[in-house]
Amino acid sequence: VGRQETLHRIAAVRLTTDHRATAPDEMKRITGVGGQVVDKRALGDLIPSRTLGDFKTKDKCPGAVVADPVLTSHPLDPEDRFMILASDGLWDDLKVDKVIDIGGKSRTPDAACKAIATAVIKKYGAKNTKPNDDLTILAAYFSNSANP
């Protein structure tokens, strides 16, 4: 969530934690069903431990990599301006503060998604490489925010 702190500053408010195979709770869950974390990857394949799809990996050891979400709630504050929801393909490449900065400068959700995707693509263009992961971005701007 991008929260307006001052006239010229929007702060990032994290609503989730990354579900990585190396996180203690996730590692315990993975090993508890007979799976392993190898080279910081669930079953030696995936860095995230909760995914949509990835059926070949999930079939190796049912329950090790799951699609079950961790649900949280966040009461909207009048200063909350927007929310960015994205796949690990974004968060692996751009820091949360950078994403929120781009979102705060964008006037519409569509413009925010395009600007964020462009930032990822530019980062790889500078390295003369291609992204290694998918990139899915959703932006929601709150109409009840103090600074629409």
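As the structure is a computational prediction, the values presented were derived from the model and not from experiment.

Is there a simple way to explain the layout of surface pockets in this structure?
Empty space among the atoms becomes visible once a probe the size of a water molecule is rolled across them. Put simply, the largest pocket is a space of about 1,600 Å³. His 19, Ala 86, Ser 87, Asp 88 and Trp 91 are the residues nearest the centre of the largest pocket, which is lined by 46 residues in total. Looking at side-chain class alone, the lining of the largest pocket contains 22 nonpolar, 11 polar and 13 charged residues.

Any chance you could explain the nonpolar core here in plain terms?
It is characteristic of soluble globular proteins that their nonpolar side chains tend to be buried jointly. Counting 16 residues, the largest nonpolar core has Ile 84, Leu 90, Leu 94, Val 99, Ile 116 and Ile 137 as its most contacted members. Broken down by secondary-structure element, the contributors of at least two residues to this core are β5 (80-86), α4 (96-105), α5 (109-127) and β6 (137-141). Here the element with the most residues in this core is α5; it accounts for 6 residues. Among all residues touching Ile 84, those that are not within four sequence positions of it are Leu 90, Trp 91, Val 99, Ile 100, Ile 116, Ile 137, Leu 138 and Ala 139. Membership of the second largest hydrophobic core comes to 8 residues, among which are Ile 30, Cys 61, Ala 64 and Val 65.

Rules and cut-offs
Residues numbered from 1 in each chain as written. Predicted model: local features only at pLDDT ≥ 70, side-chain atom pairs only at ≥ 80, totals over all residues. Heavy atoms only, no water. 1 Å grid on protein atoms, 1.4 Å probe; cavity = no way out; pocket = protein on both sides within 12 Å on 5 of 7 lines; lining within 4 Å. Points joined across faces, edges and corners; volume = space filled by probe spheres on them. Nonpolar A, V, L, I, M, F, W, Y, C, P; charged D, E, K, R; others polar. Core = buried A, V, L, I, M, F, W, Y, C linked by side-chain atoms within 4.5 Å. Buried < 20%, exposed > 50% of the residue type's maximum accessible area, 1.4 Å probe, protein only. Helix = DSSP H or I, 4+ residues; strand = E, 2+ residues; numbered from the N terminus. Contact = heavy atoms within 4.5 Å.

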